[in-house]
Amino acid sequence: MGEGCTLDRAWAAVAAPGWDVHVSGERRARSATPAGESLLQADDRALVEACLAGRREAFDIIVQRHQRHVYQVCYRFMGNHEDASDLAQDAFVRAYRGLRGFKGQSAIGTWLYRISVNVCLNRVSVKTPRLEPFDAAGTVDERGDRADAALLRDERKAVVRAAIARLPKKQRATLILRVYHELPHEEIAAILGNSVGAVKANFFHALANLKKLLKEDG
Amino acid sequence: MRHFSEAEFVDLIEGRLPAIRAEHADECDECRALADALGAARSRASADEGHEPSPLFWDHFAARVGQAVREEPVPASEPSSWRAWLRDPASAWAAAASVAMLMLVAVAWRATLHAPAPPTSSVSTPDTREAARNSASVVIDDVEADTAWAVVRTAVEGVTWEDVHRAGIAPRPGSAERVALELNADERAELRRLLDEEIKRTGA
């Protein structure tokens, strides 16, 4: 704090009269950073500023707010819990490292989606995901006819997941974000760095390929 | 009859295609069949509600991420920017010195323009150097009344440091230190006086 005052005084001293001496964005953030108890009520942008001012606990709140979405994206790409949780953690660590590069042009959720998708696409490029069997995914125990129906339903889900895993990367990313995260085409475009038209074309081809793959698998 | 484009198929199965255009599906068996197939594939995909881990997982996960993040250095706001660079008090003083130096150079330059031509002599005596210094100090006192300086001041009145930063203008690291080292004793004394005066004025 003392160093900041010295800095402001130094600038004020050498600035010609009539100049406004503006306190830098970061110093403003530090003074506006919510106190510990109010961090929970702070919006994402304020939390980012608090992180940049050295308050790591603000990032814990960002994690708590967005962990479900980040994990679910990773799970949809990887198809198993272990890889999904590892990649979700990796996505958050990368986000933390790159926090100063977050310019706030998009929502932090969109930015985290972008990082997660990139982390997943990089991983599936070097390692074929191992799809989790459905009994490991916590299917409820059901009896009799209902058990048969549940088994059939799980088998159908497994077929769909396997087919989605075979889609080209951009088509898979588009389909996951659109169908499972229900993001608008515009936000998907921002996440994937495409135009809205390209996103819709990718989605069209993803569905057309999915249709073919499901037909092949019966 | 124009068939649906890829984007229009997507809009159609999501119910966003304008009704007047969607009517094409009633007239075209080919487009209708493809739209139905795409819609069915979408429905089949969306029937998978996904995987929900144990409720205990989230606390464990957040703790894991928190631990991993605490092993990372705190991200600086803009480590390569002038704002982060100025956080160091030594850099701040050096930057202040460079600004003062720039002002002195500007004033001296203007003094050279306005001052009467010096007597033709190739020898610089202590007297002539003293006279030149006095001449410059007169201009320093007069700078506030200088119309050219007022124009510059007016032009930058609405410019904030953030604007300057966004425009990509930033001192090269080390440049302020170099300028500070090049200040002569008088200039350093003047800078010190200005800074002391401001510190007293603000009462800090």
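It should be noted that the structure appears before, not after, this text.
Below: a short report on this structure. (Residues numbered from 1 in each chain as written. Chains lettered and ligands numbered in written order. Predicted model: local features only at pLDDT ≥ 70, side-chain atom pairs only at ≥ 80, totals over all residues. Heavy atoms only, no water.)

**Topic: unusual backbone geometry**
What counts is decided by this rule: Starting at the N terminus, helices and strands are each numbered in turn, a helix being any DSSP run of H or I of at least four residues and a strand any DSSP run of E of at least two.
For Glu182 of chain A, which is not glycine, the phi dihedral falls at a positive 50 degrees. Along the polypeptide, Glu182 of chain A turns up in the loop between helix 8 (169-180) and helix 9 (185-192).

**Notes on the side chain of Glu72 of chain B**
Keep this limit in mind: Note on classification: 1.4 Å probe, protein chains only; a residue is buried when its accessible area is under 20% of the maximum for its type, exposed when over 50%, partly exposed between these limits. We call two residues in contact when some of their heavy atoms are within 4.5 Å.
Here Glu72 of chain B is to be found in the loop between helix 5 (55-70) and helix 6 (82-85). With relative accessibility at 16%, the residue Glu72 of chain B sits in the buried group. Here Glu72 of chain B is in contact with Arg56, Val93, Tyr96 and Arg97 of chain A, once residues within four sequence places are set aside.

**Notes on empty space enclosed by the protein**
Residues and elements named next belong to chain A. Defined as follows: A cavity here means a set of 1 Å grid points, computed over protein atoms only, where a 1.4 Å probe fits but cannot escape. A pocket is an open set with protein on both sides within 12 Å along at least 5 of 7 lines, and lining residues have an atom within 4 Å of a point. Grid points are joined across faces, edges and corners, and a volume is the space filled by probe spheres set on the points.
Enumeration over the complete set of coordinates arrives at two cavities of 30 Å³ or more. When its volume is computed, the largest cavity comes out at roughly 110 Å³. In terms of lining residues, the largest cavity is bounded by Tyr75, Arg76, Phe77, Gly79, Leu131, Arg161, Ile164, Ala165, Ile176 and Tyr180. Every element with two or more residues in the lining of the largest cavity is listed here: helix 4 (56-78), helix 7 (144-165) and helix 8.

**Overview of the side chain of Glu187 of chain B**
Inspection of the secondary structure assignment puts Glu187 of chain B in helix 12 (residues 185-202). Once residues lying within four places of it in the same chain are set aside, the contact partners of Glu187 of chain B are Met101, Leu104 and Glu182 of chain B.

**Focus: the packing of aromatic side chains**
Which entries qualify depends on this criterion: Two rings belonging to Phe, Tyr or Trp (six-membered ring only in the last case) form a pair when the distance between their centres is within 6.5 Å. Interplanar angles under 30 degrees mark stacking, angles over 60 mark edge-to-face geometry, and anything in between is tilted.
Enumeration over the complete set of coordinates arrives at 11 aromatic pairs over all chains. Here Phe102 of chain A and Trp111 of chain A contribute two aromatic rings whose centre-to-centre distance is 4.9 Å and whose plane-to-plane angle is 45 degrees, an arrangement assigned as tilted. Look at Trp111 of chain A and you get buried, because its relative accessible area is 10%. Site record: aromatic cluster; members linked through ring pairs are Phe59, Tyr71, Tyr75, Phe92 and Tyr96 of chain A together with Phe57, Trp58 and Phe61 of chain B.

**Re the pattern of salt bridges**
Pairing is possible between side chains of opposite charge, provided their charged atoms come close. The criterion, for reference: One side-chain nitrogen of Lys or Arg within 4 Å of one carboxyl oxygen of Asp or Glu is enough to make a salt bridge.
Inspection of the entire model under this criterion finds 20 salt bridges over all chains. Salt-bridge contacts for Arg123 of chain A lead to Asp83 of chain A; the nearest nitrogen and oxygen are separated by 3.8 Å. You can see Arg123 of chain A sitting in helix 6 (residues 108-126) and its partner Asp83 of chain A sitting in helix 5 (residues 81-97), a full 40 residues away along the chain. Residue classification places Asp83 of chain A among the buried positions, given a relative accessible area of 8%. In this structure, Glu14 of chain B engages Arg178 of chain A in a salt bridge whose closest nitrogen and oxygen atoms are separated by 2.7 Å. Separated into two different chains, Glu14 of chain B in the loop between helix 1 (6-13) and helix 2 (19-22) and Arg178 of chain A in helix 8 make up a pair that spans both. Of the two residues examined, Glu14 of chain B and Arg178 of chain A, each falls in the buried class. Each member of the salt-bridge network shares a partner with another, and the members are Arg178 of chain A together with Glu14, Arg16 and Arg42 of chain B.

**Comments concerning the nonpolar core**
The condition that has to hold: Definition of nonpolar core: a set of buried residues of the types Ala, Val, Leu, Ile, Met, Phe, Trp, Tyr and Cys, connected through side-chain atoms within 4.5 Å.
Formed by 79 residues in total, the largest nonpolar core has its most connected members in Phe59, Phe77, Val117, Leu175 and Leu177 of chain A. Not counting residues up to four positions away in its chain, the partners in contact with Leu175 of chain A are Ile164, Leu167, Tyr180, Phe203, Ala206, Leu207 and Leu210 of chain A. Listed in part, the five residues of the second largest apolar core include Met101, Leu183, Leu191 and Leu195 of chain B.

**Brief notes about the state of the cysteines**
Quick note on the threshold: By convention in this document, the label disulfide applies to cysteine sulfur atom pairs within 2.5 Å.
Under the criterion given, the structure shown has zero disulfides over all chains. The thiol of Cys31 of chain B is unpaired, and the distance to the nearest cysteine sulfur, on Cys28 of chain B, comes to 3.7 Å.

**Focus: helix 5 of chain A**
Our working definition: By definition here, a helix of n residues has an expected span of 1.5 Å times n minus one. Pairing of N or O atoms within 3.5 Å defines a polar contact, subject to two protein rules: one partner must be a possible hydrogen donor and the other a possible acceptor, and residues neighboring in sequence count only if both atoms are side-chain atoms.
Look at helix 5 of chain A: 24 Å from first C-alpha to last across 17 residues, which is about the 24 Å you get at 1.5 Å a residue. When you tally the buried positions in helix 5 of chain A, you get 12 out of 17 residues, the bulk of the element. Within helix 5 of chain A, burial applies to His81, Asp83, Ala84, Ser85, Leu87, Ala88, Gln89, Ala91, Phe92, Val93, Ala95 and Tyr96 of chain A. Structurally, helix 5 of chain A contributes buried residues whose contacts are with helix 4 and helix 6 of chain A together with helix 5 of chain B. Of the residues that open helix 5 of chain A, the one with a side-chain oxygen 3.3 Å from the backbone nitrogen of Glu82 of chain A is Asn80 of chain A.

**Section: the environment of Gln171 of chain A**
All names here are of chain A. Secondary-structure assignment places Gln171 in helix 8. Its relative accessible area of 11% is what places Gln171 among the buried residues. Between the C-alpha atom of Gln171 and that of Lys200, which follows or precedes it by 29 residues, the distance is 9.8 Å. If near-sequence neighbours (up to four positions away) are discounted, Gln171 is found in contact with Asn202, His205, Ala206 and Asn209.

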